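Spelled out, the chains give:
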Amino acid sequence: MRTPLPNQVQDSTFTVGYLGRLVPEKGVDTFIEAIDQIEPPVRLWIIGDGPQRTVLQAQAACLGDRVRFIAPVPPNKVARTMTQLNALVLPSRTTRVWKEQFGRVLIEAMACRVPVIGSNSGAIPEVIGDAGLIFPEGDIKALADCLRRLIESPDLCRELGERGYARVMHYYTQERIAEQTAEFYRQIVEMT
């Protein structure tokens, strides 16, 4: 059983979340539109703040209590927050001057065994690998279809959660990154 966040009501609703800056390039508006295409019981938590918050709140108003805006959480509370989600989505979209470079929030979710869905912006597909679902950036229907797959298949959620955790342990622990960095420098030294 998941430990509830303050004021969270425990029920069987599938809770998907976004955690990050509320800016246009993060694609949260696409996420809200995808939720609108899915029948309840599904709820969206938008965790974070930024200049697009008011616009997103207005967009989500027609969905009532299916969308909840939550203040940013401090770094030491991210894992606890992640464990309250059934899935995490990073719907970033590339702009003329920006694309997703890494998406650390994906690693944080996968480390908590939370299944992830990401757009194909920048490095997101590389970070997720085979441990989550990818959709074309800005494609509302494709994102809604990914969400439905997870909602309808607890087995897929468990499988992706385990794959994500294994991926983090293999590629993204501090020890593994240190090993990769040392190997990179060894190769450079050998080339000189």
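Residues numbered from 1 in each chain as written. Predicted model: local features only at pLDDT ≥ 70, side-chain atom pairs only at ≥ 80, totals over all residues. Heavy atoms only, no water.

Trainee: I would appreciate a short explanation of the overall build of the chain in the present structure.
Mentor: Counting its secondary structure elements, the chain contains 8 helices and 6 strands. Counted from the first residue to the last, the chain has its helices and strands arranged as β-α-β-α-β-α-β-α-β-α-β-α-α-α. Once local pairs closer than 6 in sequence are excluded, the contacts in the chain between residues at least 24 apart make up 68%. Of the roughly 10100 Å² that the chain leaves accessible, carbon and sulfur atoms contribute 54%. Put simply, the chain has 22 plus and 23 minus side-chain charges, and the middle of one group is 4 Å from the middle of the other. (Helix = DSSP H or I, 4+ residues; strand = E, 2+ residues; numbered from the N terminus. Contact = heavy atoms within 4.5 Å. Areas by Shrake-Rupley, 256 points an atom, 1.4 Å probe, with all protein chains shown as cover. Lys, Arg positive; Asp, Glu negative; His and termini not counted. Charge placed at Lys NZ, Arg CZ, Asp CG, Glu CD.)

Trainee: Explanation requested: the nonpolar core in the structure shown.
Mentor: In a soluble, globular protein the nonpolar side chains are often hidden away together inside. If you look at the biggest cluster of nonpolar residues, it comprises 55 residues, and the most contacted ones within it are Leu-88 and Leu-147. The leading source of residues in this core is helix H6 (residues 140-152), at 7 residues. Residues within four places of Leu-88 in sequence aside, it is in contact with Gly-17, Tyr-18, Leu-19, Met-82, Val-105, Leu-106, Ala-109, Val-114, Pro-115, Val-116 and Ile-117. (Core = buried A, V, L, I, M, F, W, Y, C linked by side-chain atoms within 4.5 Å. Buried < 20%, exposed > 50% of the residue type's maximum accessible area, 1.4 Å probe, protein only.)

Trainee: Could you clarify how one ought to interpret the packing of helix H7 (residues 154-172) against helix H8 (residues 174-191) in this entry?
Mentor: Angle between the axes and distance between the axes: these two values describe a pair of packed helices. For the pair H7 and H8, interaxial distance at closest approach is 6 Å and the crossing angle is 40°. Comparing the axis directions of H7 and H8 gives the class oblique. Between H7, through His-170, Tyr-171 and Tyr-172, and H8, the contact on the second element is made entirely by Gln-174, Arg-176, Ile-177 and Gln-180. The residue inventory of the contact of H7 with H8, partitioned by class, reads 3 nonpolar, 3 polar and 1 charged. (Axes fitted to C-alpha atoms, helices over the stretch in contact; angles between N-to-C directions. Parallel < 35°, antiparallel > 145°, perpendicular 65-115°, else oblique. Nonpolar A, V, L, I, M, F, W, Y, C, P; charged D, E, K, R; others polar.)

Shape descriptors only; they carry no functional weight alone.
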